[in-house]
Amino acid sequence: MIDLQLVLDNRELLTEGMLYSLQLTAFATLGGIVLGCLLALARLSAFKPLSLLSAAYVNLFRSVPLVLVIFWFYFLIPYFGFQIGPDKSVFITFTLFEAAYFSEIIRAGIQSISRGQLAAAYALGLTYPQTMRYVILPQALRNMLPVMLTQTVVLFQDTSLVTIIGIKDFMGSTSVVASNNGAMTEMYTFAAIAYFCVCFPISMLLKRLHKRIAVIR
Amino acid sequence: MDLNLDWGVLLQESPTGDGPYWQLLWTGAKWTVATALTGWALALLVGSIVGVMRTLPYKPLAWLGDAYVEVVRNIPLLVQLFFWFFVWPELLPREIGLWYKQDMPYPEFITAALALGWFTAARVAEQVKSGILSLPRGQKNAALALGFTLPQTYRLVVLPQAFRIVIPPLTSEFMNIFKNSAAALAIGLTELTFQMKQMVEYSNEVIVSIAAVTTIYMVMAFAVNRGMAWLERKSRIPGMIGGGR
Amino acid sequence: MIEIDKVSKWYGQFQVLTDCTTRIAKGEVVVVCGPSGSGKSTLIKCVNGLEPFQSGSILVDGTSVGAPGTNLPKLRSRVGMVFQHFELFPHLSITENLCLAQIKVLGRNADEAREKGLQLLDRVGLKAHAAKFPGQLSGGQQQRVAIARALAMDPIAMLFDEPTSALDPEMINEVLDVMTQLAAEGMTMMCVTHEMGFARRVAHRVIFMDQGQIVEDAAKDDFFGAPRSERAQQFLSKILQH
């Protein structure tokens, strides 16, 4: 089922592909969390237009397929005259897309902190930014850490979709090797096992973490 | 760069032989809906069975259910699509495999529905399991104490309650299967995103194509959302957990 | 010190406070009581601006709470508040809970804040627990820490919002003792509480609220001796029966 010789012969291409997938995951996670945090704070803001704008952004990205969003930017970025190439532009695509999902996680995290904490922080004279920074966000981040990490594993799997626009991420490299050597069965089985070997141990660790991190209420 | 949008392009004939562009998109939308619904039927069936299996007091069955969910959840959907398209026929007995590869009607559609169905089943199983586990233990014990067998207990007491609890999380899985069906363009299914790609490439009307297709997806998401909300209202039991809202 | 003048508040159509007027002088201890939903917690939260109100005015040490230009964080830093559910910050140790606002709001340096915090912790009898986290303390201990946290800001007045309602009965007295001691030292206090024993011993005045209105505002002895309103009589007979 697996042709190890073929895998070994192409190890450089495959390793490069895996590195690209990991880079994309890391970049989109960090960027998505930062942008998602801003979106969540905007969503919870008392200033209506800001909150509506953030809600519109999040709902738009959450109701369309990631594949569609990949094509949006694949076509739009050159259309507006930016020649940066799809292998770079998907970094933007994934960050913008993931931000919508991270913002929902962060919003739920913030809302899981009781209003009494907010009142107590205000009663001590802390300002809104201080309250967020020292009281609410540290608790919220701890509560949502397991969910965020789970989302990162999902994101890592989703990066395989860039194969569709011809990028040589891990899946893309596997496809190239598969079609160059007429070894679809062998290479796609290999890809399945490889992804599983990366994701499964992390999922198991996260499950443990989930049990260990007591949710603060 | 030209922002003069030509909405009329939707009425123009496409060079693909599918009629005007709007019809191209309409065909795509139909494949998207057909694939999602077929996959969903499979996902509900398999997912319910696996979900129940994972709560049963028989270790091997529960383990098997857990293993299935872990395997499916830790392999990307795209890889699974390729698996069902390229690898699966090789695993079948020779003759059936040949038929699968050469004579099966609508191979892209059937493969996509299979892949999405099995993929989504794992997620449904997860929800069904946690729905069952969220019921008070007393319910199961009360049914058993009344003399029901374990299958009766599940059918008459546990599942009717669990399914009501899982309607809201299933709503988002139902939406996901519509969205995930777009990945099937990788095996050549002419679903909505595939057709958008064609329209952009043939007509060069980037913005119009994107706007039209995005709108169709949003309408689908909205319809699913409303439909499931209706179902939730219809099945609500006054005063029950999750039924009170 | 605290002057509440014709304060009214609505949630949409629903009026939660109607023309509430009272004054609390420096060094005075006032107990606010009344049935649940009578608006007493809402009123006390208006005093430090945690709840906005639509009409009337509240002056705290001469500063108007509701006025647009008021620096609310500054005003709040001068008024201590103790909550029903303690609201210690669960991710911070007891010492950090005591120091956070001193450092970030008052700008004290870390050593100064720490010394002040530990001194107050000692005062509420919990010095040994300084390094623990809130979740490791009992409810009564957490509430004493919460009082120490408020006192660390050197407040000019203290607000207590049902400080003993969430406590198991055997822990109520340890909190009331701290409050009694505080009153004896001349702290200006406004306390929403059902503890009528505490009111009798410590309060100078009792305010009785019902349906968002201040129904009775009397010196302690008058209130317990001969409450004028029927509603206050009923309330007292219910609460004092057992």
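About the criteria used
Residues numbered from 1 in each chain as written. Chains lettered and ligands numbered in written order. Predicted model: local features only at pLDDT ≥ 70, side-chain atom pairs only at ≥ 80, totals over all residues. Heavy atoms only, no water. Helix = DSSP H or I, 4+ residues; strand = E, 2+ residues; numbered from the N terminus. Buried < 20%, exposed > 50% of the residue type's maximum accessible area, 1.4 Å probe, protein only. Contact = heavy atoms within 4.5 Å. Areas by Shrake-Rupley, 256 points an atom, 1.4 Å probe, with all protein chains shown as cover. Lys, Arg positive; Asp, Glu negative; His and termini not counted. Charge placed at Lys NZ, Arg CZ, Asp CG, Glu CD. Buried area = accessible area lost by both parts, 1.4 Å probe. Salt bridge = Lys/Arg side-chain N within 4 Å of Asp/Glu carboxyl O. Polar contact = N/O pair within 3.5 Å; in protein donor to acceptor, adjacent residues only side chain to side chain. Phe/Tyr/Trp six-rings, centres within 6.5 Å; stacked < 30°, edge-to-face > 60°. Pairing = 2+ DSSP bridges. Nonpolar A, V, L, I, M, F, W, Y, C, P; charged D, E, K, R; others polar.

### Some details on the overall build of chain B
Along chain B, the regular secondary structure elements total nine helices and zero strands. The principal-axis extents of the C-alpha atoms in chain B amount to approximately 70 × 50 × 25 Å. For chain B, the residues scored as buried account for 48% of the 245 residues in total. The contacts in chain B between residues at least 6 apart in sequence include a share of 72% that link residues at least 24 apart. Of the roughly 12000 Å² that chain B leaves accessible, carbon and sulfur atoms contribute 64%. Of the charged side chains in chain B, 19 are positive and 16 negative; the average position of the first set lies 20 Å away from that of the second.

### Brief notes about the arrangement of the chains
By contact count, the leading pair among the two pairs of chains in contact is chains A and B. The two units chain B and chain C remain apart, with a minimum C-alpha distance of 22 Å.

### Thoughts on the interface of chain A and chain C
With 19 residues of chain A at the contact, the number on the chain C side is 19 residues. Buried surface at the junction of chain A and chain C, summed over both partners, amounts to about 1700 Å²; 69% is from carbon and sulfur atoms. Its largest share of buried area at the contact with chain C, chain A owes to A123, L124 and Y134 of chain A, together 35% of the area lost on that side. Inspection of the region where chain A meets chain C yields zero salt bridges. At the boundary of chain A and chain C, one finds five residue pairs in polar contact (both at pLDDT 80 or more). Looking at the side of chain A that touches chain C, the elements that each hand over two or more residues are α6 (115-123) and α7 (128-158) of chain A. In terms of residue count, α6 of chain A provides more of the side of chain A that touches chain C than any other element does, seven residues in total.

### Describing the packing of aromatic side chains
Applying the stated criterion across every chain yields a total of 29 aromatic pairs over all chains. Seen in terms of ring centroids, F71 of chain A and Y74 of chain A are 6.0 Å apart; in terms of plane orientation they differ by 85°. Their pairing is edge-to-face. In this pair, F71 of chain A and Y74 of chain A are both assigned in helix α4 (residues 66-79), three residues apart and thus about one turn of the helix distant. F71 of chain A sits in the buried class, given a relative accessible area of 1%. The class of Y74 of chain A is partly exposed, set by a relative accessible area of 29%. Pairing F208 of chain C with F235 of chain C gives two aromatic rings, centres 5.2 Å apart and planes at 50°, and the pair type is tilted. Taken as a pair, F208 of chain C in strand β9 (residues 205-210) and F235 of chain C in helix α9 (residues 230-240) lie far apart in primary sequence, 27 residues in all.

### Quick word on the sheet that holds strand β5 (residues 63-64) of chain C
With respect to topology, four strands assemble into an open sheet ordered β2-β1-β4-β5 (chain C), the strand pairing being antiparallel. Lying at the two open borders of the sheet, with one neighbouring strand each, are β2 (14-24) and β5 of chain C.

### Details of the interface of chain B and chain A
Frequently, the measure chosen for interface size is the accessible area that the parts lose on association. The partner chain A presents 35 residues to the 34 residues of chain B that form the contact. Around 3200 Å² of area is buried between chain B and chain A when both sides are counted, 78% of it from carbon and sulfur atoms. Looking at the side of chain B facing chain A, the largest losses of area belong to N74, L78 and K179 of chain B, adding up to 18% of the total buried there. Our count for the chain B to chain A interface comes out at one salt bridge. Where E70 of chain B meets K207 of chain A, a salt bridge forms, and the shortest distance between an N and an O atom there is 2.6 Å. The tally of links between chain B and chain A comes to six residue pairs in polar contact (both at pLDDT 80 or more). Contributions of two or more residues to the side of chain B that touches chain A are made by α2 (59-73), α3 (77-91), α8 (192-203) and α9 (206-234) of chain B. Residue composition of the side of chain B that touches chain A, grouped by class: 24 nonpolar, three polar and seven charged.

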